Amino acid sequence: MTFLAEKCLITIMKILITGGSGFIGSHLIEELKNHGHAVASLDIREPRERVEGVEYIKNDFCEFDELLGHLQRLKPEAVAHLGAVPSVKKSIDVPMDTMRNNVEGTYNVLEAGRQGGVKRMVLISSGATYGKTAFSYSGKPLPENVALAPLNPYGLSKMMLEDMGRVWASKEIWQGTDTISLRFSNVFGPRQPRDAAYASCVERFMHQWRTKEPFTVVPDGHQRRDLVFVKDVVRAIRLACESQQNFNGEAVNIGSGKNYSILEIADLIGGKEHPRIFMEKRVGEIRETLFDISKAQKLLNWQPEVSFEEGIASLKQES
């Protein structure tokens, strides 16, 4: 199907993004605009660059009355809730900030959306919800229906986000808002700063490759990660916004369905000859992550289109 034909089959929507000034949010704005949707962004931060035709609202989604006012004025059909404190370390250092933004903030978005007549809420979750369970699945694809056992306040906050999403989608309580939670694996791609909360070893290695510094590797380097390109991630969010079916609070993995060792990633970026030094070992690190993405294929007709090698090549071309 051609892009033009695809657009003709899709109802043009008005979509609000919380956290639109962030790494993933900025790519989502472009994805939605490229498919003809009307887009507004609500974020406490200013965007690095403004996209023409997008309404940028500087506001804290933890302020319920102001958020409700914006939703009642904009009347979006869908909300993509990316806004969060997305850092495991910050959640351990200052748990109150994480719980306020990720739990109270998600409640505000869901309830303001319900009162504002929003039809679809796309909530952004994380593989951090799997926590301790991921250890027992190390090396095997993680499906969505396993027990969640988060190991830190960040993972806990995302588990609570999913639980709230299911309750707010319950047709036994309310009629109207439908929700879906997308659990992301490690996301990488253009415009991601190496000190970003979502950043993986890719951004650190890319910076060290550009500056001709040794790669700093967490021992022993054979731990494996499922990494997914940001363009594929925002396409999944768009498809979840556009879908006409009811998800009823389902949680869906969004990953690549493949994984690479840290040393393999280093080889792809700098070659085997690039020098590397080992950092201090991290306590409690999961040995291997690998997402089962069959549910995303079934519910969203989604699968990754950009391979890890292609994603790394595109980053190197930008350097």
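Structure shown above.
These notes cover the structure that comes with them. (Residues numbered from 1 in each chain as written. Predicted model: local features only at pLDDT ≥ 70, side-chain atom pairs only at ≥ 80, totals over all residues. Heavy atoms only, no water.)

Some remarks on the overall build of the chain
Here's step 1: Summing up its helical and strand segments, the chain has 12 helices and 13 strands in all.
Here's step 2: Its C-alpha atoms give the chain a radius of gyration of 19 Å, within 12% of the compact-globule value 20 Å for 319 residues.
Here's step 3: Based on the C-alpha atoms only, the size of the chain along its principal axes is roughly 55 × 40 × 35 Å.
Here's step 4: Every one of the 319 residues in the chain was classed for burial, and the buried ones make up 53%.
Here's step 5: Restricting the contact set of the chain to residue pairs at least 6 apart, pairs at least 24 apart contribute 77%.
Here's step 6: Summing over all exposed atoms, the chain offers an accessible surface of approximately 14,700 Å²; the carbon and sulfur share of this is 52%.
Here's step 7: Put simply, the chain has 40 plus and 41 minus side-chain charges, and the middle of one group is 1 Å from the middle of the other. (Helix = DSSP H or I, 4+ residues; strand = E, 2+ residues; numbered from the N terminus. Rg over C-alpha atoms; globule rule 2.2 N^0.38 Å. Buried < 20%, exposed > 50% of the residue type's maximum accessible area, 1.4 Å probe, protein only. Contact = heavy atoms within 4.5 Å. Areas by Shrake-Rupley, 256 points an atom, 1.4 Å probe, with all protein chains shown as cover. Lys, Arg positive; Asp, Glu negative; His and termini not counted. Charge placed at Lys NZ, Arg CZ, Asp CG, Glu CD.)

Notes on the pairing of strand β2 (residues 38–43)
Here's step 1: Counting buried residues in β2 gives five out of six residues, a clear majority hidden from the surface.
Here's step 2: You can see the chain leave strand β1 (residues 14–18), run along helix α2 (residues 23–34) and come back into β2, and the turn it takes is right-handed.
Here's step 3: With four bridges joining them, β2 and strand β3 (residues 55–58) adopt parallel strand pairing. When the bridges of β3 are listed, Ala40 appears paired with Glu55. (Right-handed = clockwise from strand over helix to strand, strands pointing away. Pairing = 2+ DSSP bridges.)

A short note on the packing of α2 against helix α9 (residues 230–242)
Here's step 1: Look at α2 against α9: their axes get within 9 Å of each other, and the N-to-C directions meet at 60 degrees. With respect to each other, α2 and α9 are oriented oblique. Judged by the twist between their axes, the crossing of α2 over α9 is right-handed. On α9, the residues that touch Phe23, Ile24, His27, Leu28, Glu30, Glu31 and Leu32 of α2 are Val230, Lys231, Val233, Val234, Arg235, Ile237 and Arg238.
Here's step 2: Classifying every residue of the contact of α2 with α9 gives eight nonpolar, one polar and five charged. (Axes fitted to C-alpha atoms, helices over the stretch in contact; angles between N-to-C directions. Parallel < 35°, antiparallel > 145°, perpendicular 65-115°, else oblique. Left-handed = near helix turned anticlockwise from the far one by under 90°. Nonpolar A, V, L, I, M, F, W, Y, C, P; charged D, E, K, R; others polar.)

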